[in-house]
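Chain and residue survey
The lines below spell out each chain.
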Amino acid sequence: MTKLLTGKEPAQAIKDEVAERITALGKRVGLATVLVGDDPASEVYVRMKHKAAAKVGMYTYDHKLPADTPQEEVEDLVRSLNADPSVDGILVQLPLPDGLNPDTVIDCIDPGKDADGLHPHSLGLVVLERTGGAIPATPQGIMKMLNFYEVETEGKVAVVIGRSRLVGRPMGLLLNHKSGANSTVIFAHSRTRDLPSITAMADILIVAAGRPGLVEAEGVKPGAVVIDVGINRVDDKLVGDVDFDSISEVASAITPVPGGVGPMTIASLLLNTVALAEARAEAG
Ligand code: NAP
């Protein structure tokens, strides 16, 4: 019988911790979001983040810019949030509209306010296994989920499909950490040959490609733990990247979409923000 790894319970545990830490800090904690354009999915994600932040007692600042905003103006907004003492965390919702370079926008975020953990400084600390920076929210949420459900990672083969800055690459690095998960990690991507033979090696399979139906039961090792990060809209329904029904017959555990990784991403964003606020308070 496959175990369903839902995000609700572990996300709530993180949010309870965040609320307690905000109370203990005794000061306002502020999260600013920057949404450029009117992508409906991005609008929903930003709304959900604001709602979750408000529930744990954070102040939120909602910045919306039209899709044709020049690069310089988006970057100026980020720099003004860097300078704003009421803002502890900044999140730039990705993807940005065509024509805007996300790298240079993210480079503008003060690493001390990098709520999503995507600044090169934050990612560099993940590469080096050093603490003190924000950990990318989605991979961090997945690590916390594995921990919550007591999924053994040490010495296990973990296959990560995807190598993006947002999910795949930091995910593989976290699973590889010597001071942490200690998995044997394989990155698969769009040039990987014979993907099913690679994924079938996985004790832990993380799929973050944005391709519905990419992984089917034949590519899953019996007893594997399958984490489906993908969010795709198909026939007006949200689905992940894996064929949930057939894989449920083979895997020992699987995340649902929606209701799996998504809530963990939001909870980790809040956790990063309170940790950044604590660090700023400590630095005076
Ligand atoms: P991305 O930047 O488009 O990266 C996709 C990755 O998948 C790339 O590395 C790409 O390979 C690889 N890929 C694409 N097609 C493939 C194929 N046919 N076979 C093997 N690999 C393939 O996407 P992302 O930002 O990482 O997001 C991935 C998915 O996760 C999306 O559905 C997104 O909506 C979802 N997501 C969910 C959450 C959440 O909280 N649940 C958070 C963030 C993202 P190349 O590098 O070779 O191009």
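Everything numeric in this text was worked out from a predicted model, so none of it was measured.

Compared with an ideal rise of 1.5 Å per residue, which puts 13 residues at 18 Å, helix 3 (residues 71-83) spans 19 Å between its outermost C-alpha atoms and is within 8% of the ideal. Within the span of helix 3, buried status applies to Val74, Glu75, Leu77, Val78, Leu81 and Asn82. Down the axis of helix 3, the buried side of the element spans an arc of 155°, and every buried residue falls inside it. Those residues of helix 3 hidden inside the fold are in contact with strand 2 (30-36), strand 3 (59-65), strand 4 (89-92) and helix 4 (102-108).

Our next topic: the environment of alanine 52. Tracing the backbone shows alanine 52 in helix 2 (residues 40-55). Given the relative accessible area of 9%, alanine 52 is considered buried. Through-space distance from the C-alpha of alanine 52 to that of lysine 15 is 8.3 Å; in sequence the pair is 37 residues apart. Beyond its immediate chain neighbours, meaning those up to four positions away, alanine 52 contacts Ile266 and Leu270.

On to the nonpolar core. Within soluble globular proteins, side chains that are nonpolar tend to cluster in buried spots. Ranked by internal contacts, the top residues of the largest apolar core, which has 44 residues, are Val18, Met58, Leu175, Ile206 and Ile227. For this core, the element with the highest residue contribution is helix 10 (residues 261-283), accounting for nine residues. Counting contributing residues per domain, this core is built from domain 1 (23-113) and domain 2 (137-262), each supplying no fewer than three. Ignoring sequence-local partners within four residues, the contact set of leucine 175 consists of Met143, Leu146, Ala158, Val160, Ala181, Asn182, Ser183, Val185 and Ile206. Formed by 19 residues, the second largest nonpolar core is a distinct cluster that contains Ala32, Val78, Leu94 and Cys108.

Here the protein is partitioned into domain 1 (23-113) and domain 2 (137-262). Computed from C-alpha coordinates alone, the two centres of domain 1 and domain 2 are separated by 28 Å.

A few words on the packing of helix 6 (residues 137-148) against helix 10. Put simply, helix 6 and helix 10 touch, their axes get as near as 7 Å, and they point 110° apart. The angle between the axes of helix 6 and helix 10 places the two elements in the roughly perpendicular class. Residue-level inspection shows Ala137, Thr138, Gln140, Gly141, Ile142, Lys144 and Met145 of helix 6 in contact with helix 10, the latter providing Val261, Met264, Thr265, Ser268, Leu269, Leu271 and Asn272.

Let us look at the pairing of strand 3. Two strands pair when backbone bridges link them, and strand 2 and strand 3 are joined in this way by seven bridges, in the parallel orientation. If you follow leucine 35 over to strand 3, its bridge partner there is lysine 64. Chirality of the crossover, the property in question, places the unit of strand 2, helix 2 and strand 3 among those that are right-handed.

Tallying each qualifying case throughout the model produces one aromatic pair. Their ring planes at 80° and their centres at 5.0 Å tell us that phenylalanine 148 and tyrosine 149 sit as a pair that is edge-to-face. When its relative accessible area of 39% is taken as the criterion, phenylalanine 148 is described as partly exposed.

Glancing now at the pairing of strand 8 (residues 225-228). The two faces of a sheet get side chains in turn, since along a regular strand they alternate between them. Where burial is concerned, the two faces of strand 8 agree: the one with Val225 and Ile227 and the one with Val226 and Asp228 are both buried. Pairing analysis gives four bridges linking strand 7 (residues 204-207) to strand 8, with the strands arranged parallel. From the neighbouring strand, valine 207 faces strand 8, where its bridge partner is aspartate 228. Alignment of strand 8 against strand 11 (residues 253-254), held across two bridges, turns out to be parallel. The residue bridging valine 226 from the neighbouring strand is isoleucine 254, located in strand 11.

Moving on: unusual backbone geometry. Residue proline 95 is bonded to the preceding leucine 94 through a cis peptide linkage, with omega at 0°. Of note, the bond from valine 257 into proline 258 is cis; its omega dihedral lies within 30 degrees of zero at -5°. With respect to the secondary-structure elements, proline 258 resides in the loop between strand 11 and helix 10. At aspartate 194, a position not held by glycine, the phi torsion is positive, near 50°. Summarising the element assignment, aspartate 194 is placed in the loop between strand 6 (184-188) and helix 8 (195-199).

Conventions and cut-offs
Residues numbered from 1 in each chain as written. Predicted model: local features only at pLDDT ≥ 70, side-chain atom pairs only at ≥ 80, totals over all residues. Heavy atoms only, no water. Helix = DSSP H or I, 4+ residues; strand = E, 2+ residues; numbered from the N terminus. Expected span 1.5 Å × (residues − 1). Buried < 20%, exposed > 50% of the residue type's maximum accessible area, 1.4 Å probe, protein only. Arc of directions from axis to C-beta. Contact = heavy atoms within 4.5 Å. Core = buried A, V, L, I, M, F, W, Y, C linked by side-chain atoms within 4.5 Å. Domains from an automatic or database assignment. Axes fitted to C-alpha atoms, helices over the stretch in contact; angles between N-to-C directions. Parallel < 35°, antiparallel > 145°, perpendicular 65-115°, else oblique. Pairing = 2+ DSSP bridges. Right-handed = clockwise from strand over helix to strand, strands pointing away. Phe/Tyr/Trp six-rings, centres within 6.5 Å; stacked < 30°, edge-to-face > 60°.

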